[in-house]
Amino acid sequence: FHRGYYIRARAVDHCVRDFVLKTQSHPRTQIVSLGAGFDSLFFRLKDIGLLRHTVVYEVDFPNVTCQKAALIKRTKELSALVGDTGREGLGVVTFSGEDYKLLGVDLSELSELERALEEAGLDRDIPTLFVAEVVLTYMENGRSDAVIRWAAERFSRVCFLLYEQMHPEDPFGRVMQQHFSQMNSTLHSLAQYPDCEAQQRRFFEEGWTECSVMDMNEFFTCCIPEDEQKRVQALEPFDEYEEWHLKCSHYFVLTASKGMEPSWTPLLPNTTVPSRDGPAGTAGSIPAAVCPMRSGISGLRRYGHRSVLIKPNMILTTGGFGEEDGRHCRLRNFHVLIKHAGCWKAGSMRKESPDKRWDERLYHTVSCLSNSLALVVGGRTSPSSPGLGMLWLKFPETCSASEPEDISLELVSVQPAAVPAALRWRHSTTEVTFKGEKYLFLYGGRSALEPVLGDWCFLHTQDLSCAAIPVEGPGPEGRHSHSACSWKGGALIAGGLGAAEQPLGSVFFLRELEHGFRWQAVETHPPLIPRYSHTAHVHDGKLLLVGGVWFHSSSVPGITVIDLITGLCMDYTIHVEHLEWPLMLHNHSSVFLPDEKELLLIGGGGNCFSFGTHLNPEPVSLSLSNILDTD
């Protein structure tokens, strides 16, 4: 929430300040804030001396402006900034000062708006900036288009600043739309103007000669100085990267102008713009279907968890945040999916040891090391907590049970549990082989002290001691929320989020040599689109990347197949028309069943800014036969 509202305020402030500074050679300028509400923009700019030649007009419904006028009058600091001439007015001019006018009028009534502004002294011939911050979308498109067209036609030197939502049809966008519909606040512009390109066309068609637009991920990266980015990122414990980037990909800032000399270009990047290109095309689509279940799915609505195949047709899911006993919380119970006669049954496993050993962790890893033993590494409770170390999970070596509650699970602490290398989360653990011995390759992640880790260690699977094994070659840059898979005795690392909170598109292979390992970059063509918070699997020389978050905001990641021999990279969309709910493929888990060439997607989703929490309600099955059988 803090970052989401920060970026909104920063974008508006950035553009307004740019207008004021670029027009300071003019004796008079003016700003018209449409639907201003209780915005404090005038008072902030006035306080720092930026409004010496500028008059600010604020417009909103009469009941809103009356409340704001009363607030200004009874607040000494605000009254002082308005000046001695500030007074409550009559009619549409609710409050009037020398350089501040508060007007009570309905924006959708354009003739009334124009008359009110003229009455308050608005000048059509001096540089004017219109600001519409999440306002026009609540109006019917015909009326909001008319406001945009009127501003371009009536003013000789004019600029427009628009901040609104976009991308209504992807999973996050559907949750966003549902939220506003439930509030009886329909976002009218989304259907006709669903993306940046459509909004830009809108302004050109309504008479504006220049127009720039970018989503908020791009604005944060390209228009906010690096030192300010770092300041914001360090303000408080933070681990909601997916929600932050998805929120930013569903809002845009647009600036348009007409008759301005020199041109008004506040959205010029101050740094190199990272490529936002999405897939050039897709190789096909994969139909998604709800898993056939014999019984309920309680406990599988979660994110930040891990799922692992512990026996044929038996999947263990641990940890995460989700729904349990009718409430949202960090999850303590262990859940298992058992497949019998073509259907899956879900339920809680019986634990043979105290719950306190588990610590309700998120973003850990689980590695199945034998048919009766799995190792949990790392994880966290809150972003300000240290990592949680390691834990053994013991289950029966042979099991013919068909009911989840008939399967016992024992939790055994590792001594010492707090191996320094394990005090991390959003990392990966991958089984590798060196000189015939098995090791767990622990790589990347983050910790309470370091937002990104780039180190690694080899844990011997017998005693969990750290082995000193040489590694050659330039390795990957530090990252977390990446994927890791075993392949040919080594490990494949793909994607992730880097130190600058930017998704990465690199793939590295940790290759076994006679005397150690060597890092080797895997070149893909076309280049892999940077992403993170995805899952991955290897089958028959092909790396499958599943879901995730990327900055290409006009689509969401489906499944990417990388041929590890040729480097060919192919993107497939996931066809979700048979699902009755949005399928969010981040913070999920996935299990690949090689014999059936079936991929199970379990959980996923998370908080959707202020629009509510969405957790995928049921496991989803993807049949990959068609894409894995092709040459």
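Keep in mind it's a predicted model, so treat the numbers as computed, not measured. (Residues numbered from 1 in each chain as written. Predicted model: local features only at pLDDT ≥ 70, side-chain atom pairs only at ≥ 80, totals over all residues. Heavy atoms only, no water.)

## Quick notes on the overall build of the protein
When you go through the protein residue by residue, the secondary structure sums to 13 helices and 40 strands. Its C-alpha atoms give the protein a radius of gyration of 28 Å, within 12% of the compact-globule value 25 Å for 631 residues. Considered along the principal axes of its C-alpha atoms, the protein spans approximately 85 × 50 × 45 Å. When each of the 631 residues of the protein is scored for burial, the buried share is 57%. Considering only contacts in the protein between residues 6 or more positions apart, those separated by 24 or more positions represent 66%. Here the protein contributes 58 positively and 77 negatively charged side chains, and the mean placements of these two sets differ by 4 Å. (Helix = DSSP H or I, 4+ residues; strand = E, 2+ residues; numbered from the N terminus. Rg over C-alpha atoms; globule rule 2.2 N^0.38 Å. Buried < 20%, exposed > 50% of the residue type's maximum accessible area, 1.4 Å probe, protein only. Contact = heavy atoms within 4.5 Å. Lys, Arg positive; Asp, Glu negative; His and termini not counted. Charge placed at Lys NZ, Arg CZ, Asp CG, Glu CD.)

## Focus on the layout of surface pockets
Its boundaries defined by the atoms lining it, the largest pocket holds a volume of some 1300 Å³. Around the largest pocket, the lining is made up of 44 residues, and of these Val308, Val366, Ala484, Ala536 and His537 lie nearest the centre. Contributing elements (two or more residues each) for the lining of the largest pocket: strand E12 (306-311), strand E19 (365-368), strand E23 (428-434), strand E28 (483-487), strand E32 (535-539) and strand E36 (589-593). Looking at which element gives the most residues to the lining of the largest pocket, the answer is E12, with six residues. Across the lining of the largest pocket, the residue classes tally to 16 nonpolar, 23 polar and five charged. (1 Å grid on protein atoms, 1.4 Å probe; cavity = no way out; pocket = protein on both sides within 12 Å on 5 of 7 lines; lining within 4 Å. Points joined across faces, edges and corners; volume = space filled by probe spheres on them. Nonpolar A, V, L, I, M, F, W, Y, C, P; charged D, E, K, R; others polar.)

## Remarks on the environment of Ile315
Position of Ile315 among the secondary structure elements: in strand E13 (residues 314-318). Measuring from C-alpha to C-alpha, the distance between Ile315 and Asp571 comes to 27 Å, with 256 residues separating the pair along the chain. The contacts of Ile315, once residues within four sequence positions are left out, are Ser307, Val308, Leu309, His335, Val336, Leu337, Trp344, Val591, Leu600 and Ile602.

## Side note on the sheet that holds E13
As summarised here, the arrangement of the four strands in space is E12-E13-E16-E17, forming an open sheet in which the pairing is antiparallel. Of all strands in the sheet, those with a lone pairing partner are E12 and strand E17 (343-348), marking the two edges. Averaged over all pairs of adjacent strands, the angle between strand axes in this sheet comes to 25°, irrespective of strand direction. (Pairing = 2+ DSSP bridges. Axes fitted to C-alpha atoms, helices over the stretch in contact; angles between N-to-C directions.)

## So, the pairing of strand E14 (residues 321-324)
Sheet analysis places strand E11 (residues 302-303) next to E14, joined by two bridges and oriented antiparallel. The residue of E14 that forms the bridge with Tyr303 is Phe321. Pairing of E14 with strand E15 (residues 327-330), which is carried by four bridges, proceeds in the antiparallel orientation. Residue pairing across strands places Glu323 opposite His328, the latter belonging to E15. What sits between the antiparallel neighbours E14 and E15 is a turn of two residues, in which Asp325 has the positive phi angle 55°.

## Focus: the pattern of salt bridges
Scanning all chains against the criterion turns up 31 salt bridges. Of the charged contacts in the structure, one is a salt bridge between Lys230 and Glu226, with a shortest N-O distance of 3.3 Å. Taken together, the residues Lys230 and Glu226, both in helix H11 (residues 226-233) and four residues apart, mark about one turn of the helix. Looking at Glu226, the relative accessible area reads 54%, which means it is exposed. Residues joined by salt bridges that share partners form a network here, namely Glu114, Glu118, Arg124, Glu153 and Arg154. (Salt bridge = Lys/Arg side-chain N within 4 Å of Asp/Glu carboxyl O.)

## Points about the packing of helix H1 (residues 2-22) against H11
As a packed pair, H1 and H11 sit with axes 12 Å apart at the nearest point and diverge in direction by 150°. In terms of axis orientation, H1 runs roughly antiparallel to H11. For the element pair H1 and H11, the recorded crossing hand is right-handed. When H1 is examined against H11, the residues Arg3, Tyr6 and Arg10 are found in contact with a partner set consisting of Glu228, Arg231, Val232 and Gln233. (Parallel < 35°, antiparallel > 145°, perpendicular 65-115°, else oblique. Left-handed = near helix turned anticlockwise from the far one by under 90°.)

## Description of the packing of aromatic side chains
Per the stated rule, a full pass over the model turns up 32 aromatic pairs. Consider the rings of Tyr138 and Phe180, whose centres lie 6.3 Å apart with planes at 55°: the pair is tilted. Remark: Phe180 occurs in helix H7 (residues 171-182) and Tyr138 occurs in the loop between strand E6 (128-133) and helix H6 (141-154); sequence separation between them is 42 residues. Judged by relative accessible area, Tyr138 falls into the partly exposed class, the value being 35%. Classification of Phe180 by relative accessible area gives buried; the value is 7%. Put simply, the rings of Phe434, Phe441, Tyr443, Trp456, Phe458, Phe508, Phe517 and Trp519 touch in pairs and so form one group of aromatic residues. (Phe/Tyr/Trp six-rings, centres within 6.5 Å; stacked < 30°, edge-to-face > 60°.)

## Thoughts on the domain arrangement of the protein
Per the domain assignment, the segments of the protein are domain 1 (1-258) and domain 2 (284-629). Computed from C-alpha atoms alone, the centre-to-centre distance between domain 1 and domain 2 is 42 Å. Residue-level contacts link 31 residues of domain 1 with 34 residues of domain 2. Of all residues in domain 1, Asp239, Tyr241 and Glu242 bury the most surface against domain 2, accounting for 22% of the area lost on that side. Taken together, the links from domain 1 to domain 2 amount to five salt bridges. (Domains from an automatic or database assignment. Buried area = accessible area lost by both parts, 1.4 Å probe.)

## Brief notes about unusual backbone geometry
Excluding glycine, a negative phi dihedral is what most residues carry, and trans is how most peptide bonds are arranged. Here Glu261 and Pro262 are connected by a cis peptide whose omega angle stands at -5°. Topologically, Pro262 is positioned in the loop between strand E9 (251-258) and strand E10 (284-290). Of note, the amide linkage connecting His525 to Pro526 takes the cis form, showing an omega dihedral of -5°. Note that Pro526 resides in the loop between strand E31 (517-521) and E32. Of note, His167 is a non-glycine position whose phi angle comes to about 55°, a positive value. Position of His167 among the secondary structure elements: in the loop between strand E7 (158-165) and H7. Phi at Lys435 takes a positive value of approximately 50°, unusual for a residue other than glycine. Here Lys435 is to be found in the loop between E23 and strand E24 (437-443). The class for Lys435 is exposed, based on a relative accessible area of 63%.

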